[in-house]
Amino acid sequence: MMKKMSIPTSKTSLVLFLCQIISALDVPLDLSQPPTITQQSPKDYIVDPRENIVIQCEAKGKPPPSFSWTRNGTHFEIDKDAQVTMKPNSGTLVINIMNGGKAEAYEGVYQCTARNERGAAISNNIVIRPSRSPLWTKEKLEPNHVREGDSLVLHCRPPVGLPPPIIFWMDNAFQRLPQSERVSQGLNGDLYFSNVQPEDTREDYICYARFNHTQTIQQKQPISVKVFSMDSLNDTIAANLSDTDIYGAKPVTERQPVLLTPTGSTSTKVELRGNVLLLECIAAGLPTPVIRWIKEGGELPANRTFFENFKKTLKIIDVSEADSGNYKCIARNTLGSVHHVISVTVKAAPYWLTAPRNLVLSPGEDGTLICRANGNPKPSISWLANGVPIAIAPEDPSRKVDGDTIIFSHVQERSSAVYQCNASNEYGYLLANAFVNVLAEPPRILTPANKLYQVIADSPALLDCAYFGSPKPEIEWFKGVKGSILRGNEYVFHDNGTLEIPVAQKNSAGTYTCVARNELGKVQNEVHLEIKDPTMIIKQPEYKVIQRYGHVSFECIIKHDSTLLPTVTWLKDNDELPDDERFLVGKDNLTIMNVTDKDDGTYTCIVNTTLDSVSASAVLTVVAQPNPPFDLELTGQLERSIDLSWIPGDENNSPITNFVIEYEDALHEPGVWHYQTEVPGTQTTVQLKLSPYVNYSFRVIAVNKIGRSQPSEPSEQYLTKSASPDENPANVQGIGSEPDNLVITWEPLKGFQSNGPGLQYKVSWRQKDVDDEWTSVIVANVSKYIVSGTPTFVPYEVKVQALNDLGYAPEPSEVIGHSGEDLPMVAPGNVQVHVINSTLAKVHWDPVPLKTVRGHLQGYKVYYWKVQSLSRRSRRHVEKKILTFRGNKTFGMLPGLEPYSSYKLNVRVVNGKGEGPASPDKAFNTPEGVPSSPSFLKITNPTLDSLTLEWGSPTHPNGVLISYTLKFQPINNTHELGPLVEIRIPANESSLILKNLNYSTRYKFYFNAQTAVGSGSQITEEAVTIMDEVQPLYPRIRNVTTAAAETYANVSWEYEGPDHANFYVEYGVAGSKEDWKKEIVNGSRSFFVLKGLTPGTAYKVRVGAEGLSGFKSSEDLFETGPAMASRQVDIATQGWFIGLMCAVALLILILLIVCFIRRNKGGKYPVKEKEDAHADPEIQPMKEDDGTFGEYSDAEDHKPLKKGSRTPSDRTVKKEDSDDSLVDYGEGVNGQFNEDGSFIGQYSGKKEKEPAEGNESSEAPSPVNAMNSFV
């Protein structure tokens, strides 16, 4: 069975490295081999004196090695010390300190030896030292009295510990003391002050030493510092100081830099290769000096150079010999600079160039051990054999030492041994064990058989073939069962047997065979390679900008090999997502709800499979309105300007576009903020113009694309000095409110415009175009002044000047005003009227003299009214109409007049005060027009060959009626119109009997009135002559039918009898003795919906008519459907459907009989036009000669005639009546209803009158009439 192994692409180099390390010289443990040290304690081993000491020494070998120890160069008798034990099957020592032993007694240098029959391996020299954390020595610390500006060093001098302690300074409250460019801690633990300030005064400067090995902290006694300011030195202190004292009364002066450490101008520093180089410069001075570092003759190494402790410390990591040289620190302030040069020498403890490696040889083979090391100074190389210097070790004829190399020739099995190489100089040593193992072994392959490798396409594939044999086997690779040996540039063959395919393709998949052979034999092994499709992110997350508290979503849609199971992980700033329910991780996305500022960052989608890993990142920028500015400062205060500066708040990822500056006047409008100005977002200072006598406070608002910040805290207040006003009131006007006054008004100055206390106004006026002097008056801070006793409506020059306690504003400009208006004195003259047509007239007048207007001319008003109609029907109420014509207009049009009427009008002039007197009334008459339609048309008394027409005269005759015109034409059952007949009727007639009509025929009538001007609009109606003279029997209600559902039923019936019957429906449960339930039918409809019925119940129903005593229909029975029953039934079994079919057959038979009768009688009906020609061909638009009326037509005349259109029984037609009907002629079956009572079928051959439902008409209900409707 194949064992599966996946090689992630990212780990290829690591796997290759490990494969090279695990070479063919790694002898399997089942073969004889000398000892190899696998684990040991560090060379410098500092132990906790309170815990047991464990000195590690582990080794492997065959046979298993035995262990022994030396201490300080002599054999360590472990069995003789009860506190020391050795772990079983191990060389690790355990020294029992916790049960009475003392760590100090076991200080020394220890070395472990692991030995078996093939040799001995030794460990490094392990130096054991217990950790020490001594207490501070007691000392008396004097208070430090320092003058402000001087430098100061507080010495820590911690006790010498092992290892050295970590130093830090805190106060009594265990809070770290703040450090800065001015105050900082040196590498030696001392606290340096470049210059002291009064705030440095305190009594609890405490140095702490932390010893990590023992987890203890030691505390130095508190140090007191007192800083004296020269301004605060009083005479008493000065009297106690001598003239030579450093605290002499010298002012605090600035000083150029002086180095506190290191001292002098040069120093040296030695550091070992690979360590961290730390160089320090701390300077005193006032102002505080700034430190800068350079390397003479070179550059500071990039990527390895860091600055710490406010640039006072230069840190270079992983130093090498190339970092040797002179490093200069420069301390500079405004008064000068000082520098120091540190000469750095990098030495090196020995480090390997070529460490000796284990050597496996077969008898008779040759080999070499090479040991090469470097260092500064160059290390010396010495060899040992089985832990003994090679010079005194037993002789071996196959061995020859040549400096750093041992050469072996024709080795034999007895040549097996462990050799040690020691490279040492004054800074340390290196010790390496390497064995020579002489074996004769056939090849063996250590890689498991049938191992499965899976790699991603286009990635390297590494197929292992770990082997062993002596002599060293040769390795060959084959692909497939019968494949040839692999060669060429597309493969890489490593010394450890690994086959590398640098770019594996799909065709690289298959079975590979590794063959190992030497002179003692041959062995092979198969491994298998599968190539997988790479994982890809086909929809990567994208950069998003989102406002605070919004929602954002990142997509991460992937494509992967179907045999691999991917896992998707989201990171924020290369760390796990916050544990927050606002973060919703979906299958293909990450959604963040209610985004906050802390969500800002980089989001990474990582897709991992067992073979590869891909990732994609996107940045989320959370934007919001800026934080408010802060630290507002006022500088440069002048009488009329001031400088305002501020520090912007956080812009919240959206650049600040501008700053808005507002001000408050605490003197005049406290609490009210006004706009002052705004500046670009790159500007943080502005010069503001000020007004006198204002107590200013300012605040700043930052603006970005998202919005405005909250206002900043107000600045300090600034009161400007008083001055005379700079400006005068605006919007000065002079308008009289009475005929004898002049009202002067203005907009008062605002508080900050007054420029000082005592604001007043000097109001001046004089009559224009008259050589009068200015009249002036000073008023308080008001907004108007009234001048009395002026002439009516004369122009005045007016001006208003501001003044306060410090003087007058500049001379104001003058404005023109007028004293008060009075009503106009005269009426317009020469009023003339020109009648254009029956509804429009034009009026002219002469303008009045402007002097008589006595005010601003606003226009003229025309009052006109109808006196009476010339058709001798006077109006009861006279309604005057008014038209206003603006400006100096002298004519106007009067629309909307009534024809053939008598009118009067007058004209008045209008000014700002009102209307003047009216002109004399002017009378005029409008000519005749066309009349309106007749008020009604009734068609009554239908007989076999006659109809009676009655009508009413037009409501608006608009002249003298001269006649009526009646037109009519027959309509056949296909709605085609017959020939049109026209009759002229005298104007004094109101009825007419038409004779010699065809029986059982429908006619359409058109009726209008005429004046001398023309014909008016018409009224239309339809009527039918009867078939015979048999009178119907009525009243009666028949054919009650019911269509039932689960909870409701549609009830319909047919009615024959008097008009305007009010119906009701009674119903109850069938077979029950309960009283009938009664429902009133709205209007005279012939249908009703019973609601709220019980499903699956039999009901009885009957219909009655109100006002007809005891008149009811016969009962009908129906049953509601079951609650859940299906409504689908077989239509062929329904009674109504069978009745419908029978009625259709009967109607067709009747139709054939009637047609046969008419054919025998010879009656013919000319067919001229279809339904779209129903309109009267004589209808013409009625227009006045003036064109003021548009076209008018009866809507009924232009609608196609409906099937079964009917005429009311009284044959009265009003033009607002509708001819809509619930019934269409042509089908003789009972109608079906929807639940709301609307028709879904058609009525049988009768017509009901339903005025409440649309003024439908009704005809005689006899069967003869029903038949006529189909002719």
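This structure is a prediction, so every number in the text was calculated from the model and none was measured.

Scoring rules and cut-offs
- Residues numbered from 1 in each chain as written.
- Predicted model: local features only at pLDDT ≥ 70, side-chain atom pairs only at ≥ 80, totals over all residues.
- Heavy atoms only, no water.
- Pairing = 2+ DSSP bridges.
- Helix = DSSP H or I, 4+ residues; strand = E, 2+ residues; numbered from the N terminus.
- Axes fitted to C-alpha atoms, helices over the stretch in contact; angles between N-to-C directions.
- Phe/Tyr/Trp six-rings, centres within 6.5 Å; stacked < 30°, edge-to-face > 60°.
- Buried < 20%, exposed > 50% of the residue type's maximum accessible area, 1.4 Å probe, protein only.
- Salt bridge = Lys/Arg side-chain N within 4 Å of Asp/Glu carboxyl O.
- Patch = residues over 30% accessible without salt bridge, like charges linked within 9 Å, V, L, I, M, F, W, Y side chains within 5 Å.
- Areas by Shrake-Rupley, 256 points an atom, 1.4 Å probe, with all protein chains shown as cover.
- Contact = heavy atoms within 4.5 Å.
- Disulfide = S-S within 2.5 Å.

Novice: How do you make sense of the sheet that holds strand E82 (residues 963–971) when you look at a structure like this?
Specialist: Across the sheet, which stays open at both edges, the 4 strands sit in the order E83-E82-E85-E86 with antiparallel pairing between neighbours. The outermost strands of the open sheet, each flanked by one partner alone, are strand E83 (981–986) and strand E86 (1019–1024). Sheet twist, expressed as the average angle between the axes of neighbouring strands with direction ignored, equals 25 degrees. The sheet contact formed by strand E85 (residues 1002–1010) and E86 spans 6 bridges and is antiparallel.

Novice: Can you help me understand the packing of aromatic side chains in this one?
Specialist: Note on aromatic pairs: each is described by the distance of the centres and the angle between the planes. Inspection of every chain in the model, using the stated rule, returns 24 aromatic pairs. Taking 5.6 Å as the distance between ring centres and 35 degrees as the angle between the ring planes, the aromatic pair formed by Trp 765 and Tyr 785 counts as tilted. Separated by 20 residues along the polypeptide, Trp 765 in strand E67 (residues 760–767) and Tyr 785 in strand E69 (residues 784–788) bring together distant segments of the chain. Assessed through its relative accessible area of 25%, Tyr 785 is described here as partly exposed. Between the aromatic rings of Tyr 903 and Phe 924, the centroid separation amounts to 5.6 Å while the plane-to-plane angle is 15 degrees, which identifies the pairing as stacked. With Tyr 903 in strand E78 (residues 901–911) and Phe 924 in strand E79 (residues 922–925), this pair connects stretches of sequence that are 21 residues apart. According to the relative accessible area criterion, Phe 924 is buried, its value standing at 7%. Aromatic ring contacts, followed pair by pair, group Phe 168, Phe 174 and Tyr 208 into a single cluster.

Novice: Explain the pattern of salt bridges here, please?
Specialist: Where side chains of opposite charge bring their charged atoms close, a pairing between them can arise. Here the structure, examined in full by the defined rule, presents 38 salt bridges. Notably, a salt bridge pairs Asp 597 with Arg 548, separated by 2.9 Å at the nearest N-O pair. Of this pair, Asp 597 sits in the loop between strand E55 (589–592) and strand E56 (601–608) while Arg 548 sits in the loop between strand E49 (544–547) and strand E50 (552–555), and the two are 49 residues apart along the sequence. The class for Asp 597 is partly exposed, based on a relative accessible area of 35%. Arg 548 sits in the partly exposed class, given a relative accessible area of 23%. Linked by salt bridges that have partners in common, Asp 171, Arg 202 and Asp 204 make up one network.

Novice: It is not clear to me how a nonpolar patch on the surface should be interpreted in this structure. Could you clarify?
Specialist: Residues Leu 1146, Leu 1149, Ile 1153, Phe 1156 and Ile 1157 make up a contiguous nonpolar surface patch of roughly 490 Å² in combined accessible area. For Ile 1153, the position within the fold is in helix H4 (residues 1135–1161).

Novice: For this particular structure, what's the right way to read the environment of Pro 670?
Specialist: Summarising the element assignment, Pro 670 is placed in strand E61 (residues 669–680). The exposed category is assigned to Pro 670, whose relative accessible area is 55%. As a C-alpha pair, Pro 670 and Asn 695 span 25 residues in sequence and 9.4 Å in three-dimensional space. Apart from residues no more than four positions distant in its own chain, Pro 670 is found in contact with Glu 664 and Asp 665.

Novice: Explain the environment of Val 552 here, please?
Specialist: On the secondary structure map, Val 552 appears in strand E50. Residue classification places Val 552 among the buried positions, given a relative accessible area of 5%. Those residues within four positions of Val 552 in sequence are excluded, and the remaining contacts are Lys 544, Ile 546, Leu 590, Thr 591, Ile 592, Val 595 and Leu 620.

Novice: What am I meant to see in the sheet that holds strand E44 (residues 492–493) here?
Specialist: Sheet architecture is open: 3 strands sit in the order E41-E45-E44, paired in antiparallel fashion. The sheet is open, and its two edges are formed by strand E41 (461–463) and E44, each paired on a single side.

Novice: In this structure, what is going on with the state of the cysteines? I would like to understand it.
Specialist: A covalent bond between the sulfur atoms of two cysteines is referred to as a disulfide. In this structure the tally under the stated criterion is 6 disulfides. The disulfide bridge from Cys 156 ends at Cys 207, spanning 1.9 Å between sulfur atoms. Across the S-S bond of Cys 156 and Cys 207 the torsion is about -70 degrees, and the bridge reads as left-handed. Of the two residues, Cys 156 is situated in the loop between strand E14 (152–154) and strand E15 (166–170) and Cys 207 in strand E18 (residues 202–211); the sequence distance between them amounts to 51 residues. Under the relative-accessibility criterion, Cys 207 is labelled buried at 0%. What pairs with Cys 556 in a disulfide is Cys 605, and their sulfur atoms sit 1.9 Å apart. Its S-S torsion of approximately -65 degrees makes the covalent link between Cys 556 and Cys 605 left-handed. Linking Cys 556 in the loop between E50 and strand E51 (557–559) with Cys 605 in strand E56, this pair joins segments that are 49 residues apart in sequence.

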